[in-house]
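These are the residues of each chain, in order.
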Amino acid sequence: MNENIVQLEHIHKEFSMGKNTVQILKDVNTSIRRGEFVAIMGASGSGKSTLLNIIGCLDKPTEGTYFLDGQQINDLNDDELARIRNRKLGFIFQSFNLLPYYTAQKNVEVSLAYQNRKDRSLIAKGLLERVGLGHRLNHKPAEMSGGEKQRIAIARALSTNPDLLLADEPTGALDSKSGIQVMGLFKELHQEGKTIIMVTHDREIGEQAERIIMFKDGRIEYGDTGNHSLSPRWNLAQ
Amino acid sequence: MGILETIRLALDGIWLNKVRSFLTMLGIIIGTATIILVVAVGLGSKQSVDNQFSQMSVTTIYVMASNTGSPIPTKLSSKDVAVIKENCPSVAAVAPQISGKAAVSAGSNTESVTVLGVTEDYQSLTNLKFSSGSFLTQESVTTKEKIAVLGADIAETLFGAGQVEIVGQTLNINNKKFTVGGVIERKGETLGNTSIDDGVFIPYTTAQSYILGTTVTPRLTVQAKDLASVKSALSEIATALREAHKLRPNMADDFRVVDAGSKVGAAQETARTMSVLLIAIATIVLVVGGIGIMNVMLVSVRERTKEIGTRRALGARKKDVLRQFLFEAIGISMFGGVLGVGLGEAVIPLLKYLEIETVRSMQGLVIAFAFSGIVGVFFGFYPAKKAADSNPIEALRYE
């Protein structure tokens, strides 16, 4: 098991916009240790969401190397990336991204369905109880408040017992009371040892994390603890 | 995700959009029902053609008076039987036949029926079989015997169903007493405008002398030696008759020569043309139905962009997404296929009322199902591929 769950080395990301190429990420180097609760902050367009997409194996860097739990991600094909997203990562979105025609319980089961897990209804019920929605298993998202929807989404993210939770503006669509509830859950999960990476532009939210990585114009402005190393500490045999 | 799991997901998708799914299915339902009907009607018409001609030898040739083109009355007569027999080496047998309506009565039943004057050769030429008694003999023809052989239907009409011994009973034809010599086994089919089941057969000479008179133009039934000699027989007959009737080269034939083989061929050709036409229509309907599926699936993929992005983020592979949408399309078209087959099968009995011959067949079911499945795969693939290939990041952002 690697101490650094995420290791990013010289990550560059370019997008071509017509004739121009726009550099979104310029030489990003950082690492995130297992069990850390990190907030990535910065103004919109600073590249923080792009970085989260790369960490989440939804996007690939133009240049640079990304190790997730010691595994180099760059060379993996689409199916292998899907498998990693399914097994190792848990996603929490700003707009919840629940499937509208499924009940809360069914929504939590989606990731497990891709693993063909037979015990998924049991796991889903347990997790919904844990986030305080044990009484609303059979309600559809449209019948729920924003805070409840986000708690379903968190239960879904936890369903596969992932190594890393990735949250993109998790409180962005919530009122402050629900936001506090969600952050409370995050802190609980952190205390239990989960690694959480959260993107936010809200300083008050970001400050509740253990560490803040501040982004500006595609570079890390501060918050990189400098414990990443160009001479890799990870062991490929693991 | 396993295949079964994905199929369940696809069925969910169909069920959650019941109305839309059903409307999408309509094209397929109509297309499959059409195929079922097409195959049933096609086989039915093929069968009725086969039935109609199964008793008839393809080496049979008919010689009839021409009803068009000739300003002078035809000279076709029973004398031509001898002419053909003598001059046509490709011909095996010739029999004349005259027919007309006559009042036939037995007991209190009187019917107006077609009476046919024939010779003893007529039996072998038309492959008649007998349920009782036997056909006219050469003797009965030469002696102008008043004997009658009855078709199955007319025998039943005159003597009633369930009558065991009809042979030997008497009946009156135009008030002349005849003895029944035999009853022909039911053929069920008509030959031109003469139904054998409704016919009363009497000796040719008797018909001329007592019933129909000598002015009626006969029709000749000719048997060619074999299939290969049919063609030469046709030309030999034409040449012999033109000579016998003393027609000048610039005059049209006063007779018509038709071979049964070409009649069968023409009838089969007609049946086949009809089948091809109907299959073309069914295919067009199915293709239009398929385009409908593609359309709806494309809209559905667009509507569910965010779902696709979410599923991809949660671990769906491209092929999971592809399968989900492809199975949905196939599911819609297969359900449509099932309903269409049901509809088609339900309509088949109604066609009986329109006197359209139909034959139910496994073949129709298989073709209909296969077609609906193929349509689903073919027209579902593009939308499903589009869903699978959508960029997950953009899909997640889609509102």
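Since this is a predicted model, take the numbers as computed values, not measurements. (Residues numbered from 1 in each chain as written. Chains lettered and ligands numbered in written order. Predicted model: local features only at pLDDT ≥ 70, side-chain atom pairs only at ≥ 80, totals over all residues.)

Caption draft 1: Structural view of the sheet that holds strand E5 (residues 71-72) of chain A. Residues and elements named next belong to chain A. Here four strands make up an open sheet; going across it, the order is E2-E1-E4-E5 and the pairing antiparallel. Two strands bound the open sheet, and with one partner strand each, they are strand E2 (20-33) and E5. Across two bridges, strand E4 (residues 63-68) lies against E5 in antiparallel orientation. Across the sheet, the residue bridging to leucine 68 is glutamine 71, located in E5. (Pairing = 2+ DSSP bridges. Helix = DSSP H or I, 4+ residues; strand = E, 2+ residues; numbered from the N terminus.)

Caption draft 2: Region of interest: the interface of chain B and chain A. Each partner contributes residues to the interface: chain B has 18 residues there, and chain A has 19 residues. Elements that contribute at least two residues to the side of chain B that touches chain A include exactly helix H1 (3-16), helix H10 (305-313), helix H11 (318-353) and helix H13 (392-397) of chain B. Looking at which element gives the most residues to the side of chain B that touches chain A, the answer is H10(B), with five residues. Its residues placed into classes, the side of chain B that touches chain A shows eight nonpolar, three polar and seven charged. (Contact = placed C-beta atoms within 7 Å. Nonpolar A, V, L, I, M, F, W, Y, C, P; charged D, E, K, R; others polar.)

Caption draft 3: Representation of the pairing of strand E6 (residues 170-173) of chain B within the structure. All names here are of chain B. Taking every second residue as pointing to the same face, the buried face of E6 carries Leu171 and Ile173, while none of Thr170 and Asn172 on the other face is buried. In this sheet, E6 lies alongside strand E2 (residues 91-106) in antiparallel orientation, the contact comprising two bridges. Within the sheet, the bridge partner assigned to serine 105 lies in E6 and is asparagine 172. Across four bridges, E6 lies against strand E7 (residues 176-184) in antiparallel orientation. Bridge pairing in E7 places asparagine 172 opposite lysine 177. With antiparallel pairing between neighbouring strands as the criterion, E6 and E7 make up a hairpin whose turn holds two residues, including asparagine 174 at a positive phi of roughly 45°. (Buried ≥ 20, exposed ≤ 12 C-beta atoms within 10 Å, placed from the backbone.)

Caption draft 4: Examining the sheet that holds strand E6 (residues 89-92) of chain A more closely. Residue and element names in this part refer to chain A. Pairing is mixed across the open sheet formed by six strands, whose spatial order is E6-E7-E8-E3-E9-E10. Strands with a single pairing partner mark the edges of an open sheet, and in this sheet they are E6 and strand E10 (219-222). The average angle at which neighbouring strand axes cross in this sheet is 25°, direction not considered. Pairing analysis gives three bridges linking strand E9 (residues 211-216) to E10, with the strands arranged antiparallel. (Axes fitted to C-alpha atoms, helices over the stretch in contact; angles between N-to-C directions.)

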